[in-house]
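Below, each chain spelled out in residue letters.
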Amino acid sequence: MSDLSNFPITKRWPAKDPGILQLYSFPTPNGVKASIALEETGLPYEAHTIKLSGDVTTPEFLSLNPNNKIPAIIDPDGPGGQPMGLWESGAILQYIAEKTGKLLPSDPARKWETIQWLMFQMGGIGPMFGQLGFFHKFAGKEIEDPRPRERYVNEASRLLKVLEARLEGRQWIMDDDYTIADIAIFPWVRGLKVFYEAGDLVGLDDMPNVNDWLDRAIARPASEKGLQIPPRDG
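Note that the coordinates shown come from a computational prediction; the quantities given were computed from them, not determined experimentally. (Residues numbered from 1 in each chain as written. Predicted model: local features only at pLDDT ≥ 70, side-chain atom pairs only at ≥ 80, totals over all residues. Heavy atoms only, no water.)

A. Layout of the overall build of the chain. Check the secondary structure of the chain and you find 10 helices and 4 strands. Traced from its N-terminal end to its C-terminal end, the chain shows the element sequence α-β-α-β-α-β-β-α-α-α-α-α-α-α. Scaling as 2.2 N^0.38, a compact globule of 234 residues should have a C-alpha radius of gyration of about 17 Å, and the chain matches this with 18 Å. Dimensions along the principal axes, computed over C-alpha positions, put the chain at roughly 55 × 45 × 25 Å. Within the chain, the proportion of its 234 residues that are buried is 50%. Considering only contacts within the chain whose residues lie at least 6 apart along the sequence, 67% involve residues at least 24 apart. When the accessible surface of the chain is summed, it comes to about 11,100 Å², and 51% of that surface belongs to carbon and sulfur atoms. Side chains of the chain carry 25 positive and 32 negative charges; the gap between the two charge centres is 2 Å. (Helix = DSSP H or I, 4+ residues; strand = E, 2+ residues; numbered from the N terminus. Rg over C-alpha atoms; globule rule 2.2 N^0.38 Å. Buried < 20%, exposed > 50% of the residue type's maximum accessible area, 1.4 Å probe, protein only. Contact = heavy atoms within 4.5 Å. Areas by Shrake-Rupley, 256 points an atom, 1.4 Å probe, with all protein chains shown as cover. Lys, Arg positive; Asp, Glu negative; His and termini not counted. Charge placed at Lys NZ, Arg CZ, Asp CG, Glu CD.)

See below:
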């Protein structure tokens, strides 16, 4: 049996089966990237609900991710067979893909093209959509100055147009290959539309390629399950 005792987080969130990957997360656009990828690959895992309102700042969680963000993982069978902790959703997606040999093309050129689109989400879509959500739906909407909101509306719309162009004539971002690039991006587009209720602001209805791709991604069995993991009230 794997020994995870060197990870303080397991004292607060004990592993029922320390021999499988441990996921510490919450069902946000970033959080569900990991659960969807795990469901797609079939890699056994155990999910722990980490509440954003307090759990992420506990000493136990910070011992695994000092940046106090979800998701984070512990793989008891990491490199060299040794347990390893990992945080940052993009790094976790790439790790799961390379560990399982799935969701990432084996051809080197296509692999790096996929990672390019993963970074497009990490550096652009995630930060911009998140800020738009803040200024449109949450506390930022009380700020009278319209420029911050306009800035993020315009940038979110621009990024979606990049995605719309990429998906022209393609089923997935990498043609017929469903990859970690799709898994990284679609939860954020879904969140922008459903949770932030900002689809009209960014002209999402005028982007048929994005909408059709989003519907295909959400309909995948692994997505239907992973979008609900871990449970919010766990």
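B. The arrangement of the packing of aromatic side chains in detail. For the structure shown, the criterion picks out 7 aromatic pairs. Summarising the aromatic geometry, the rings of Phe 138 and Phe 195 are spaced 5.9 Å apart at their centres and angled 40° between planes, so their arrangement reads as tilted. You can see Phe 138 sitting in the loop between α5 (108–137) and α6 (147–166) and its partner Phe 195 sitting in the loop between α7 (180–194) and α8 (199–202), a full 57 residues away along the chain. Phe 138 sits in the partly exposed class, given a relative accessible area of 37%. (Phe/Tyr/Trp six-rings, centres within 6.5 Å; stacked < 30°, edge-to-face > 60°.)

C. Looking closely at the nonpolar core. Membership of the largest hydrophobic core comes to 57 residues, with the highest contact counts inside it found for Phe 129, Leu 160, Val 189, Val 210 and Trp 213. Only β1 (21–25), α2 (31–41), α4 (89–100), α5, α6, α7 and α9 (208–219) provide two or more residues apiece to this core. In this view, Phe 129 contacts Gly 124, Ala 156, Leu 160, Trp 188, Val 189, Leu 192 and Tyr 196; residues no more than four positions away in its chain are not counted. Formed by 13 residues, the second largest nonpolar core is a distinct cluster that contains Phe 7, Tyr 24, Phe 26 and Leu 64. (Core = buried A, V, L, I, M, F, W, Y, C linked by side-chain atoms within 4.5 Å.)

Remember, this is a structural readout, not a statement about activity or role.
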